[in-house]
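Okay, here's what each chain looks like letter by letter:
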Amino acid sequence: MSISNSILKSLNMEDKNVIFNENFVENRKIKGKKVLVYKGYLKNNYEYCPVCGCINDNSILKNGTRKSLIKIPKVSELISYLELTKQKYKCNMCNKRFIAKTNIVEYRCRISNNTKYSVINYVKDILLK
Ligand SMILES: [Zn+2]
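The sections below set out a description of the structure shown in this document. (Residues numbered from 1 in each chain as written. Predicted model: local features only at pLDDT ≥ 70, side-chain atom pairs only at ≥ 80, totals over all residues. Heavy atoms only, no water.)

Details of the layout of surface pockets
Vacant regions in the atomic arrangement are exposed by a probe of water-molecule size rolled over the atoms.
Working step 1: Approximately 170 Å³ is the volume attributed to the largest pocket.
Working step 2: Every residue along the wall of the largest pocket is listed here: Arg-66, Lys-67, Ser-68, Lys-86, Ile-99, Glu-106, Tyr-107, Arg-108, Cys-109 and Arg-110.
Working step 3: At three residues, the largest contribution of residues to the lining of the largest pocket is made by strand β3 (residues 60-75).
Working step 4: Grouping the constituent residues of the lining of the largest pocket by class yields three nonpolar, one polar and six charged. (1 Å grid on protein atoms, 1.4 Å probe; cavity = no way out; pocket = protein on both sides within 12 Å on 5 of 7 lines; lining within 4 Å. Points joined across faces, edges and corners; volume = space filled by probe spheres on them. Helix = DSSP H or I, 4+ residues; strand = E, 2+ residues; numbered from the N terminus. Nonpolar A, V, L, I, M, F, W, Y, C, P; charged D, E, K, R; others polar.)

Listed below in structure tokens is the structure:
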């Protein structure tokens, strides 16, 4: 198992397209609070263009990156974030641009899916008491 998979497993996430490098976590101050920030890189290996459907014959090229700060559940009682650097792509056949996708977070959302599930479980526990 790779280091990236181990880190994701410890965060209760799963996506083979997310890569963590050395120094993947750091302390920062956000809104005056000490937080943990995990830094990951997201890429996809497109076999075909998700817009026009053409086969990727070196026609889909990297086109910069976009960082997003995603809220994840607390780690060791510290407020935690995943700073995901998402690879952007451009298809030379249809000239459309798109960004790498992951099941960790919904498109254009800044709250991870497992954070949403943990909130639902927390409320469910309260209601069933
Ligand atoms: Zn295309």
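Notes on the pattern of salt bridges
Working step 1: Under the defined criterion, the tally for this structure stands at four salt bridges.
Working step 2: Of the charged contacts, one joins Arg-28 and Glu-83 as a salt bridge, the two residues approaching to 3.0 Å between their closest N and O atoms. In this pair, Arg-28 sits in strand β1 (residues 18-30) while Glu-83 sits in strand β4 (residues 78-91), placing the two residues 55 residues apart along the sequence.
Working step 3: Given the relative accessible area of 25%, Arg-28 is considered partly exposed.
Working step 4: Residue classification places Glu-83 among the buried positions, given a relative accessible area of 12%.
Working step 5: Linked by salt bridges that have partners in common, Glu-26, Arg-28, Lys-39, Lys-67 and Glu-83 make up one network. (Salt bridge = Lys/Arg side-chain N within 4 Å of Asp/Glu carboxyl O. Buried < 20%, exposed > 50% of the residue type's maximum accessible area, 1.4 Å probe, protein only.)

Description of the packing of aromatic side chains
Working step 1: For the coordinates displayed, the defined rule picks out five aromatic pairs.
Working step 2: On the basis of an interplanar angle of 70° and a centroid distance of 6.1 Å, the ring pair of Phe-20 and Phe-24 is categorised as edge-to-face.
Working step 3: Judged by relative accessible area, Phe-20 falls into the buried class, the value being 6%.
Working step 4: Counting every residue linked through ring pairs, the aromatic cluster contains Phe-20, Phe-24 and Tyr-38.
Working step 5: Sitting over the face of the ring of Tyr-81, Lys-71 holds its NZ or CZ atom 5.5 Å from the ring centroid.
Working step 6: Residue placement shows Lys-101 over the ring face of Tyr-107; its charged tip is 5.4 Å from the ring centre. (Phe/Tyr/Trp six-rings, centres within 6.5 Å; stacked < 30°, edge-to-face > 60°. Lys NZ or Arg CZ within 6 Å of the ring centre and 35° of its normal.)

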